[in-house]
Amino acid sequence: MRTAIISDIHANYEALSAVLEIVERLKTDRCVCLGDLVGYGASPNESVQAVRERAEFSILGNHDAAIVGRMSLDFYYDTAREALEWTAQSLTPENDAYLRSLPYVREERDICWVHGEPERPEAFNYVYTLPQARRLAGAYERLKPVTFVGHSHLRRVFVVEPNGALELPTDNLTLNAERKYVVAVGSVGQPRDNDPRAAFAIFDEQTRRVEFYRVDYDVDRAAEKILKAGLPQFFAHRLYSGA
Ligand code: ZN
């Protein structure tokens with residue numbers, strides 16, 4: 001089973017459709033989404049619709065939760081809140097209902113799928129630094145052999161051990177069946193690692209291989225739509241730098 005893993009689309013339909021086109025060509029068995037389908041970008045309905053059609057399931061992200069009233073908007077800085085309010089007003093009832101239905105976490109065989117830190121998924125804590133990964137050592141027994149996360153918009157690979165954690169380079173890698181990993185897959189629609197290309201990953205359960213991908217997409221069009229919608233300009237500008 002080869003699974004394409006997408007996350008943090010943030011209503012960037014141009015990035016999402018470019019990724020889905022590559023996913024199709026790579027002939028994966030399915031696609032799953034780790035949340036934050038909306039917020040920041042100008043194409044919430046197109047993006048949610050595409051995830052509904054193409055992903056086997058999606059997890060709830062913090063932006064999704066805020067939009068459907070499952071989390072307080074006070075958590076967000078002003079411009080992010082502005083985008084969330086715009087999104088809440090733009091969503092069709094079907095897409096709103098879909099976000100409302102998403103789970104905080106999903107466990108399958110030896111995999112955990114979650115937006116942020118897996119111990120308290122509803123708190124949406126981050127796992128992208130070594131100290132954050134080390135905090136999971138206390139939960140070692142409860143961790144699945146591999147936990148895939150989004151949320152930070154960064155690509156990271158950690159090995160969690162009973163007494164600590166270590167960080168691995170974010171190259172393609174084969175997971176050791178004896179160890180426990182937390183893998184952050186990066187963001188489709190708003191990368192923050194100074195690379196504007198859309199990020200996603202593929203996991204092969206048989207070979208235990210994780211492959212990371214970057215995809216060029218029409219940044220101009222995504223940025224133009226944000227400006228045209230009257231959303232904060234910053235969300236358009238940052239797409240060019242991927243920061
Ligand atoms: Zn996000």
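Thresholds, definitions, all that
- Residues numbered from 1 in each chain as written.
- Predicted model: local features only at pLDDT ≥ 70, side-chain atom pairs only at ≥ 80, totals over all residues.
- Heavy atoms only, no water.
- Helix = DSSP H or I, 4+ residues; strand = E, 2+ residues; numbered from the N terminus.
- Rg over C-alpha atoms; globule rule 2.2 N^0.38 Å.
- Buried < 20%, exposed > 50% of the residue type's maximum accessible area, 1.4 Å probe, protein only.
- Contact = heavy atoms within 4.5 Å.
- Lys, Arg positive; Asp, Glu negative; His and termini not counted.
- Charge placed at Lys NZ, Arg CZ, Asp CG, Glu CD.
- Core = buried A, V, L, I, M, F, W, Y, C linked by side-chain atoms within 4.5 Å.
- Pairing = 2+ DSSP bridges.
- Axes fitted to C-alpha atoms, helices over the stretch in contact; angles between N-to-C directions.
- Disulfide = S-S within 2.5 Å.
- Salt bridge = Lys/Arg side-chain N within 4 Å of Asp/Glu carboxyl O.
- Donors = N, O, S within 2.8 Å, 3.2 Å for Na, K, Ca; no water.
- Tetrahedral: all angles 85-135°; square planar, octahedral: opposite > 155°, others 65-115°.

### Some remarks on the overall build of the protein chain
Then, in step 1: Within the protein chain one finds eight helices and twelve strands.
Then, in step 2: Rg of the C-alpha trace for the protein chain: 17 Å, near the compact-globule value of 18 Å for 243 residues, within the 12% margin.
Then, in step 3: Seen through its C-alpha atoms, the protein chain measures out along the principal axes to roughly 50 × 40 × 30 Å.
Then, in step 4: Every one of the 243 residues in the protein chain was classed for burial, and the buried ones make up 58%.
Then, in step 5: Across the protein chain, the fraction of contacts at a sequence separation of at least 24, relative to all contacts at a separation of at least 6, is 73%.
Then, in step 6: Looking at charge distribution, the protein chain has the averaged site of its 29 positive side-chain charges lying 2 Å from that of its 36 negative ones.

### Description of the nonpolar core
Then, in step 1: Counting 49 residues, the largest nonpolar core has Ile 6, Leu 37 and Leu 99 as the members making the most contacts within it.
Then, in step 2: For this core, the leading source of residues is helix H1 (residues 13-25), giving six residues.
Then, in step 3: Those residues in contact with Leu 37 that sit more than four places away from it in its chain are Ile 9, His 10, Ala 11, Ser 47, Val 48, Val 51, Ser 58, Ile 59, Asp 64, Tyr 98, Leu 99 and Leu 102.
Then, in step 4: Listed in part, the 20 residues of the second largest apolar core include Val 146, Val 183, Ala 201 and Phe 203.

### Considerations on the pairing of strand S4 (residues 105-108)
A regular strand carries its side chains on alternate faces of the sheet.
Then, in step 1: Where S4 lies against strand S5 (residues 111-114), four bridges are found, and the strand directions are antiparallel. Note on S5: the bridge partner recorded for Val 105 is Val 114.

### A closer look at the sheet that holds S4
Then, in step 1: Pairing is mixed in the open sheet, where six strands are placed in the order S4-S5-S6-S10-S7-S8. Taken across any chain shown, the strands that pair with only one partner, and hence form the sheet edges, are S4 and strand S8 (164-168). With strand direction ignored, the average angle separating the axes of adjacent strands in the sheet is 20 degrees.
Then, in step 2: Relative to strand S10 (residues 180-185), strand S6 (residues 146-149) runs parallel, the two sharing four bridges. From the neighbouring strand, Thr 147 faces S10, where its bridge partner is Val 182.

### Description of the state of the cysteines
Then, in step 1: Applying the stated rule across the entire model yields zero disulfides.
Then, in step 2: Free cysteine Cys 31: the closest other cysteine sulfur is in Cys 33, separated by 7.2 Å.
Then, in step 3: Free cysteine: Cys 112, not disulfide-bonded; nearest cysteine sulfur from Cys 33 at 15 Å.
Then, in step 4: Among the residues examined, Cys 112 registers a relative accessible area of 3% and is labelled buried.

### What to know about the sheet that holds strand S12 (residues 209-215)
Then, in step 1: Strand order in the open sheet formed by six strands is S3-S2-S1-S11-S12-S9, and the pairing between neighbours is mixed. Edge strands, defined here as strands with exactly one partner in the open sheet, are strand S3 (57-58) and strand S9 (173-174).

### Digging into the pattern of salt bridges
Then, in step 1: Scanning the model with the defined rule gives 17 salt bridges in all.
Then, in step 2: A salt bridge links Glu 21 to Arg 25; its shortest N-O distance comes to 3.5 Å. Taken together, the positions of Glu 21 and Arg 25, both in helix H1 and four residues apart, correspond to about one turn of that helix.

### Considering the coordination of the zinc ion
Then, in step 1: Surrounding the zinc ion are the protein donor atoms Asp 8 (OD), His 10 (NE2), Asp 36 (OD) and His 153 (NE2), which sit 2.0 to 2.3 Å from the metal.
Then, in step 2: Its four donor atoms give the zinc ion angles of 86 to 178 degrees at the centre, a pattern that matches the irregular case.
Then, in step 3: Mapped onto the sequence, the donors of the zinc ion take the spacing D-x1-H-x25-D-x116-H. Of this pair, His 10 sits in the loop between strand S1 (2-6) and H1 while Asp 36 sits in the loop between strand S2 (30-33) and helix H2 (44-54), and the two are 26 residues apart along the sequence. The exposure classification of His 10 matches that of Asp 36, with both residues buried.

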